[in-house]
Amino acid sequence: MSDTITFTNARLIDPEGLTETTGSLRVTGGRIAALGDVAPEGRVIDCAGKVLAPGIVDLGVKVGEPGERHKESFRSAGLAAAAGGVTTIITRPDTEPPIDSPETLEFVTRRAAEASPVRIRHMAALTKGRAGREMTEIGFLLDAGAVAFTDCDRVVSDTKVLSRCLSYARSLGALVIGHPQDPGLSKGAAVTSGKFASLKGLPGVSAMAERMGFDRDMALVEMTGARYHADQITCARTLPALERAKANGLDVTAGVSIHHVTLNEFDVGDYRTFFKLTPPLRSEDDRIAVAQALASGLIDILCSMHTPQDEESKRLPYEEAAAGAVALQTLLPAAMRLYHDGTMTLPQLFRAMSLNPARRLGLPAGRLSVGAAADLVLFDPDAPFVLDRFTMLASKSKNTPFDGAKMEGKVLATFVGGRQVYGEQG
Amino acid sequence: MTFRARHLLGIEHLAPDEIRTLLDLADTYVELNRRTIKRTDALAGMTQINMFFENSTRTQASFELAGKRLGADVMNMAVSQSSVKKGETLIDTALTLNAMHPDLLVVRHPHSGAVNLLAQKVNCAVLNAGDGKHEHPTQALLDALTIRRRKGRLQRLVVAICGDIAHSRVARSNLLLLGKMENRLRLIGPPTLMPAGVGELGVEVYDDMKAGLEGADVVMMLRLQKERMDGGFIPSEREYYHRYGLDAEKLAYAKPDAIVMHPGPMNRGVEIDGEIADDINRSVIQEQVEMGVAVRMAAMDLLARNLKAERGRQAAGVMA
């Protein structure tokens, strides 16, 4: 059979069983057909002991369509994803205009399907224009394929509006994604308050603003019974609140961006705007606590929070510079830092990057089991390289904080539905 | 003589011996400035451009005078804040200026780090005349020179900095400089005007002024900006003056020979009592202004020497 591939001699990562075994895997008809000790059939790829894992499902990717195609198109994002082992992109609706109607959602769905080599699914805005006043047509948007509803980094500050959105979403079983941050306390902030902010003279926000935002959202989730995901939990102080919410049986999950578990506030250094993120980078104590929470599973999802920005919007004084970093292609190698420093095992990492996001969104991906879609990444976790943002990144925007960084972990090949979308053929 | 810096962006990157070198040279310029004929030719033929993105009378005048006394051609660029987008203006202005081959660029900007950003884009020496809430290195250096001349040393002094620490670049630069010189530092002010995490910087923090002034050798008052007076950070001007204004009663807690400093311009009756400010036995505020010109001359002289040496090496490299 022409569409049959057998991977032999691979380190197979199973994020469901949290196991790692050496063996073979056969793909037929776009699905995983057999696992373990299987006879080679079709195209045979000798993995030579490298890692084969379920492709990454990246929750919260910004693509500049519509509105900012010069920063990132579906084509460029798709190529970056393929090169980074990301087999499903979940886009954010914070575009210009926002994805807040079935019509705009249909437009991006069509554009994405034409242009991208990897799967793309879309989130829609929770309120019209992301303005925090009126809810979007959540029902129609669900029918049109929206996988979740979020106003991204714009917090719905009116709790009456948010409680209605949550109640309505609950009636449809829709997932609402919040950005836990108290808007008053965090207003105008460029970095996390503390010694670094004070020395650099930059406006800071206390880590407590995240806890306050999360506590507020938890009260409303308890009141409405909605399905809720916190986009990024980045502070140690929020973790006990997250633990409590889960223990109380609320339908709550949480994510974190790769940058917040691999970098800290001091990396900003001499006003380096590529390290300006939303929320800002935190203290090293926070980074460690959050990375450990990710390993334990308290934090469910690790994502790139891919946010392309052009050079002009970053070449400004720190306070005025745009926030965000591209990371579709650096998510996997940066995550290997947590593997190499012993914080997380590979199955734990792929539980956070592939299995959990797919599960939370109800997508048939993120698993290494017979019958699952053959969305796979083959990579060498030990291969070293120095990142050169201009020559190595497929994204149109090159705003990565890892420029010039020594990294380990190279993607060798990426497969979507059994079809190779990245890497050497043959 | 030790002074390696290429730019003067902040105290952060200066070593103690560089600070001493600069202050020693500044001492000689104090003497020169007291003569009738004040001109030298240290910067003869060189071009100094003052670019102030934020209004300033005193600092700009001080830099202008310093450059002129060193024989530089000094130009003041009026940079309008309202002109389109500030950031674009900053980079574009920097590139435009750079094409005119200035040798020294003096910059003040309302955003922290803006002067660092600009320094990456030009070939000349850049002096930070104040960036946002970050640093104001020449102010700290002139304060250090004033203290050293009055106290005969710049070590093992108890220095109290009082007032709006959170929004003050003067406080940050002074903290760094006096810390490098091994002094005991105290910060005094209401908690709303105290930056987060200062406790980790090896300073003592007080919200009670009398306790903070106890036994101080130097009392440094900071200006309280008008826009911070009305309820946002402190309840009112009069309550602030009552709790944190420097008057004779509070000053009595400091050492009998403690000196009183202020970077200016002063709000009499807000952070400092008029009589204290004018007391020639205690207040060194006028002297600070005088030291300002000398320190800026020394800074520009040293940066110009390094710039000439660097260009000389480049030229030699080209010929070799």
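Just above sits the structure.
Residues numbered from 1 in each chain as written. Chains lettered and ligands numbered in written order. Predicted model: local features only at pLDDT ≥ 70, side-chain atom pairs only at ≥ 80, totals over all residues. Heavy atoms only, no water.

Caption draft 1: Looking closely at the overall build of chain A. Scanning chain A from terminus to terminus reveals 13 helices and 18 strands. The C-alpha radius of gyration computed for chain A amounts to 21 Å, which stays within 12% of the reference 22 Å derived for 426 residues, consistent with globular compactness. When its C-alpha atoms are laid out on the principal axes, chain A stretches across 60 × 50 × 45 Å. The buried share of chain A, reckoned over its 426 residues, is 63%. Considering only intrachain contacts with a sequence separation of at least 6, the fraction spanning at least 24 residues in chain A is 76%. Carbon and sulfur atoms make up 49% of the accessible area of chain A, which totals about 15,200 Å². Computing the positive centroid from 47 side-chain charges and the negative centroid from 51, chain A places the two 1 Å apart. (Helix = DSSP H or I, 4+ residues; strand = E, 2+ residues; numbered from the N terminus. Rg over C-alpha atoms; globule rule 2.2 N^0.38 Å. Buried < 20%, exposed > 50% of the residue type's maximum accessible area, 1.4 Å probe, protein only. Contact = heavy atoms within 4.5 Å. Areas by Shrake-Rupley, 256 points an atom, 1.4 Å probe, with all protein chains shown as cover. Lys, Arg positive; Asp, Glu negative; His and termini not counted. Charge placed at Lys NZ, Arg CZ, Asp CG, Glu CD.)

Caption draft 2: View of the packing of aromatic side chains. Residues and elements named next belong to chain A. Throughout the structure, instances matching the rule amount to 4 aromatic pairs over all chains. The interplanar angle of 70° and the centroid separation of 5.4 Å between the aromatic rings of F196 and F266 together place this pair among those described as edge-to-face. In this pair, F196 sits in helix 5 (residues 195–200) while F266 sits in the loop between helix 8 (258–262) and helix 9 (284–296), placing the two residues 70 residues apart along the sequence. Looking at F196, the relative accessible area reads 5%, which means it is buried. Over the face of the ring belonging to Y318 we find K276, whose NZ or CZ atom lies 5.7 Å from the ring centre. (Phe/Tyr/Trp six-rings, centres within 6.5 Å; stacked < 30°, edge-to-face > 60°. Lys NZ or Arg CZ within 6 Å of the ring centre and 35° of its normal.)

Caption draft 3: Just the sheet that holds strand 2 (residues 73–78) of chain B, in detail. Residue and element names in this part refer to chain B. Pairing within the open sheet is parallel, and its 4 strands lie in the order 2-1-3-4. Edge positions in the sheet fall to strand 2 and strand 4 (125–131), since each has one partner strand and no second. Strand-to-strand twist across the sheet, computed as the mean angle between neighbouring axes with direction ignored, equals 15°. In this structure, strand 3 (residues 104–109) lies alongside strand 4, joined through 5 bridges in parallel fashion. (Pairing = 2+ DSSP bridges. Axes fitted to C-alpha atoms, helices over the stretch in contact; angles between N-to-C directions.)

Caption draft 4: Representation of the pattern of salt bridges. Counted according to the given criterion, the structure contains 43 salt bridges over all chains. D375 of chain A is paired through a salt bridge with R119 of chain A; the nearest N and O atoms lie 2.7 Å apart. Highlighted residues: D375 of chain A in the loop between helix 12 (346–361) and strand 16 (376–386) and R119 of chain A in strand 8 (residues 119–122), separated in sequence by 256 residues. In this structure, R149 of chain B and D27 of chain B form a salt bridge, with 2.6 Å as the shortest nitrogen-oxygen distance. Of the two residues, R149 of chain B is situated in helix 5 (residues 137–151) and D27 of chain B in helix 1 (residues 16–33); the sequence distance between them amounts to 122 residues. Relative accessible area serves as the criterion here: at 30%, R149 of chain B is assigned to the partly exposed category. It is possible to trace a salt-bridge network through shared partners that takes in D24, D27, E31, R148 and R149 of chain B. (Salt bridge = Lys/Arg side-chain N within 4 Å of Asp/Glu carboxyl O.)

Caption draft 5: Main features of the sheet that holds strand 9 (residues 149–150) of chain A. Residues and elements named next belong to chain A. Read from one edge of the open sheet, 5 strands run 9-10-13-14-15, paired in parallel fashion. At either end of the open sheet lies a strand with only one pairing partner, and these are strand 9 and strand 15 (301–303). Pairing analysis gives 3 bridges linking strand 14 (residues 252–257) to strand 15, with the strands arranged parallel. Residue V256 lies in a different strand from strand 15, and its bridge partner there is L302.

Caption draft 6: Layout of the pairing of strand 13 (residues 227–230) of chain A. All names here are of chain A. Judged from the 4 bridges that link them, strand 10 (residues 175–178) and strand 13 form a sheet pairing that is parallel. Within strand 13, the residue paired with V176 across the bridge is Y228. Pairing of strand 13 with strand 14, which is carried by 3 bridges, proceeds in the parallel orientation. Paired with Y228 across the bridge in strand 14 is V252. Read from strand 13 through helix 7 (residues 239–247) to strand 14, the crossover connection turns out right-handed. (Right-handed = clockwise from strand over helix to strand, strands pointing away.)

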